[in-house]
Amino acid sequence: MPDLTERHSPVPETHHTTRDDAMAALPRDPVFVTDKLNVYYGDFHAVTDVDLSFGKNEITALIGPSGCGKSTVLRCLNRMNDLIPTARVAGTVSYHGLDIYGERVDPIEVRRRIGMVFQKPNPFPKSIYDNVAYGPRVTGMKVENMDDLVESALTGAALWDEVKDKLKQNANGLSGGQQQRLCIARAIATMPDVVLMDEPCSALDPIATLKIEELMAELRNNYTIIIVTHNMQQAARVSDRTAFFSVQQKSETGDRTGALVEYDLTTKIFESPADRRTEDYISGRFG
Amino acid sequence: MASSTADSPAGLSLEPQSRRVGEKAIVAWLFLAALAAVLITIAIVVALLEPAAEFFRFVSVTEFFSTARWTPTQADPEFGVLRLLAGTGAAVLYSCIIALPAGLGAAIYMNEYASFRVRQVLKPLLEILEGIPTVVYGFFAVAFVAPLMKDNWWTWLPGQLGEEPGTQFILAAGVVLGIMIIPTVASVSQDAMAAIPRGLREAAYGLGSTRMQVATRVVVPGALSGIVASFVLGLSRAIGETIVVLLAAGAMANLSILPNDPVFTMTAFIGRTSTGEIAYGTTTYYSIFAVGALLFVVTLVVNLISIALVRKFREVYE
């Protein structure tokens, strides 16, 4: 069991899973397991009883209509919901067997292992170099050569060739797609274990989206990726597994809440979903 | 136009449907209001510069800045304004030592650490403090701060520093000026910090930053122009404040920054001298305006420096 009070090994294991592997319905080597995860914003019960597991070196997509709680679930995995004063989480989220909502867990240590890329590209108004170096600097990573680390992170995010001559320029001068790849470079510079992506392409044009999707396929070799997306084709294209969420009415009160409907291999979800609601949603009959 | 209306279908007109008299009147009124503000400012500058120019017919600019003594009310008056400038500088220096760290610290605390409820109480409280009349602060200085310091002076300090001050001294004025401008610095700084986009804050937390790292590496650099603006606003208030320094710093035109010495500031001179004991048309009378003009220039320079600093250091977020 990894100890969250210690830094994890900076070298990610390259346990490569190909899509051709006969994969079980549930990941054999889960990084995260949620058990009866419930999230409340004040009185609003945003997500009810989510049981999910996310496989190592897999891409898992969370899909579903607006308000179904998929982003909320994603933001539980690195304790980002802590930043919202009224948010309350019940149930457990175990990360390599350790409950990240446990009493002695420091959310900062959690976030150092679990990186995040947001919906809107949000580079710091600093130089490209300083953006990438930010994480290693604040986490006090032992870095022998920061220049090398910046280069490898930017290369890893397929951005190096475009920015290598202007590392000292302000990141705000990049295009939207470049900014988002910079944010990915910034996230992987701290050598995390998992990268969470919250609709990373929704603010980008189709060409930039394609680049990010290609990048995700690359990153999958070294990282576990969990992505929230509104774009079903994107989920079908990039992910190994898909979790479909929906908005339900609570039987007792009739209040709306988000819930997990179906979780399976992506091919299964898109070709032969088990649940009628999944089928309606992916075939566009949702209403 | 006749030709176009002829071609268009019946009843369709894209011409103005009313003359909008009310809107025009309101625009005219808004323009006059803006114009009045500008004209009044110009009028003040002219009213200040004219008698100041008169002063410089008697005392040359070089003399004004190079004379060693400031004795405008004596039989053979001398006008060495550096004494007053230094007095203002000394009082403002101590006020900044107090107010800038305290104000910035309060802003960071309110913005990054305080819970929503605490912030809901603290912010209005600070804004109320901003509204306290300065004469109250002056009284607070004379009746409370100065005697307290005088009675508990650090007499173990070496040399002149260890001497117990009189009833009026720089530190008393500086401390009270500092307390007076803390709310301004804190409140304006915090407004600037609150305007940092949520996305930047989330990005920083997402990378494993501590609260202090978010504050010092993302929020403060992003809010720098607002923070510097708050410093300048506070500094300008301290430079221009009259009653506190008049009551607490004294009327001795010393060239000193020792905390236990009294000084005479530019504003204190203006306030003290223009309250009726001076004859109209004398050089001393005109010197009030010269000092006023200098005060105006000092504030202007402080503002220009701050603009230059902000241009150089701030991080512009989108």
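Predicted model only: the values in this text are computed from it and were never measured.

So, how was this worked out
Residues numbered from 1 in each chain as written. Chains lettered and ligands numbered in written order. Predicted model: local features only at pLDDT ≥ 70, side-chain atom pairs only at ≥ 80, totals over all residues. Heavy atoms only, no water. Contact = heavy atoms within 4.5 Å. Buried area = accessible area lost by both parts, 1.4 Å probe. Salt bridge = Lys/Arg side-chain N within 4 Å of Asp/Glu carboxyl O. Helix = DSSP H or I, 4+ residues; strand = E, 2+ residues; numbered from the N terminus. Nonpolar A, V, L, I, M, F, W, Y, C, P; charged D, E, K, R; others polar. UniProt positions renumbered as here; feature names shortened; annotations may be inferred. Axes fitted to C-alpha atoms, helices over the stretch in contact; angles between N-to-C directions. Left-handed = near helix turned anticlockwise from the far one by under 90°. Buried < 20%, exposed > 50% of the residue type's maximum accessible area, 1.4 Å probe, protein only. Pairing = 2+ DSSP bridges. Core = buried A, V, L, I, M, F, W, Y, C linked by side-chain atoms within 4.5 Å. Polar contact = N/O pair within 3.5 Å; in protein donor to acceptor, adjacent residues only side chain to side chain. Domains from an automatic or database assignment. Patch = residues over 30% accessible without salt bridge, like charges linked within 9 Å, V, L, I, M, F, W, Y side chains within 5 Å. Areas by Shrake-Rupley, 256 points an atom, 1.4 Å probe, with all protein chains shown as cover.

Enquirer: Describe in detail the interface of chain B and chain A, supporting the description with residues and values.
Expert: With 19 residues of chain B at the contact, the number on the chain A side is 25 residues. Of the roughly 1900 Å² buried between chain B and chain A, counting both surfaces, carbon and sulfur atoms make up 58%. If you look at where chain B meets chain A, you find one salt bridge. Taken together, the elements giving at least two residues each to the side of chain B that touches chain A come down to helix H8 (198-206) and helix H9 (211-222) of chain B. Among the residues forming the side of chain B that touches chain A, the class breakdown is nine nonpolar, six polar and four charged.

Enquirer: With reference to specific residues and values, describe the UniProt feature "domain: ABC transporter" (unreviewed entry) in chain A.
Expert: Under the present numbering, the feature "domain: ABC transporter" (unreviewed entry) in UniProt falls on residues 31-272 of chain A. Span residues 31-272 of chain A is 33% helix and 30% strand, its end C-alpha atoms 26 Å apart.

Enquirer: Lay out the packing of helix H12 (residues 266-273) of chain B against helix H13 (residues 283-313) of chain B in plain terms, naming residues and giving numbers.
Expert: Residues and elements named next belong to chain B. Taken N-terminus to C-terminus, the directions of H12 and H13 make an angle of 150 degrees; their axes are 10 Å apart at the nearest point. Judged by the twist between their axes, the crossing of H12 over H13 is left-handed. Counting all contacts with H12, which are made through Met266, Thr267, Phe269, Ile270 and Thr273, the residues of H13 involved are Thr284, Ser287, Ile288, Val291, Gly292, Leu294, Leu295 and Val298. Its residues assigned to classes, the contact of H12 with H13 comprises eight nonpolar, five polar and no charged.

Enquirer: Kindly report on the pairing of strand E10 (residues 256-265) of chain A, identifying the contributing residues and their values.
Expert: In summary, the side chains of a regular strand alternate between the two faces of the sheet. All names here are of chain A. Along E10, eight of the ten residues are buried, which leaves the element largely enclosed by surrounding structure. Pairing geometry for strand E2 (residues 44-55) and E10, over two bridges, is parallel. For Val47, the partnering residue across the bridge sits in E10 and is Gly258. Pairing analysis gives nine bridges linking strand E9 (residues 241-249) to E10, with the strands arranged antiparallel. Its bridge partner being in E10, Phe245 is matched across the sheet by Leu260. Between E9 and E10, which follow one another and run antiparallel, lie six residues, and Gly254 among them has a positive phi close to 80 degrees.

Enquirer: Mind laying out the nonpolar core, listing which residues take part and the relevant values?
Expert: With 56 residues, the main nonpolar core has B:Phe64, B:Trp70, B:Leu84, B:Phe269 and B:Val291 as its most contacted residues. A total of ten residues in this core trace back to one element, the largest contributor, which is helix H7 (residues 170-194) of chain B. If near-sequence neighbours (up to four positions away) are discounted, B:Phe269 is found in contact with B:Trp70, B:Pro72, B:Leu84, B:Phe264, B:Ser274, B:Ser287, B:Ile288 and B:Val291. Counting residues in hydrophobic clusters, the runner-up holds 52 residues, among them A:Val50, A:Phe118, A:Val228 and B:Leu200.

Enquirer: I'd like a description of the UniProt feature "transmembrane region" (unreviewed entry) in chain B, backed by residues and values.
Expert: Mapped onto the present numbering, the UniProt feature "transmembrane region" (unreviewed entry) falls at residues 26-49, 91-110, 131-149, 169-188, 218-239 and 285-310 of chain B. Measuring from the first to the last C-alpha atom of residues 26-49 of chain B gives 35 Å, for a span that is 100% helix and 0% strand.

Enquirer: How would you explain the side chain of B:Glu112 if you had to name every residue and give the values?
Expert: Residues and elements named next belong to chain B. Structurally, Glu112 can be placed in helix H4 (residues 82-113). Judged by relative accessible area, Glu112 falls into the buried class, the value being 6%. At 2.5 Å, the side chain of Glu112 and the side chain of Arg201 are in polar contact. Residues in contact with Glu112, not counting those within four places in the same chain, are Arg201, Tyr205, Arg211, Val214, Ala215 and Val219.

Enquirer: How would you sum up the domain arrangement of chain B? Please name residues and give values.
Expert: Many structure descriptions define interface size as the accessible area lost when the parts assemble. All names here are of chain B. For chain B, the assigned domains read domain 1 (2-58) and domain 2 (63-313). Placing the centre of domain 1 and that of domain 2 at their C-alpha centroids yields a distance of 38 Å. Roughly 900 Å² of surface becomes buried between domain 1 and domain 2 when both sides are summed, with 89% attributable to carbon and sulfur atoms. Among the residues domain 1 hides against domain 2, the three largest losses belong to Leu48, Phe55 and Phe58. Together they make up 56% of the total. The tally of links from domain 1 across to domain 2 stands at zero salt bridges.

Enquirer: Give me a nonpolar patch on the surface: which residues, what numbers.
Expert: Residue and element names in this part refer to chain B. On the surface, Leu93, Ile97, Ile98, Phe140, Phe144, Leu148, Ile179 and Ile257 cluster together into a nonpolar patch covering about 690 Å² of accessible area. Where the nonpolar patch is concerned, the elements lending two or more residues are H4 and helix H6 (134-151). Summarising the element assignment, Phe140 is placed in helix H6. Of the residues examined, Phe140 reaches a relative accessible area of 32% and is grouped as partly exposed.

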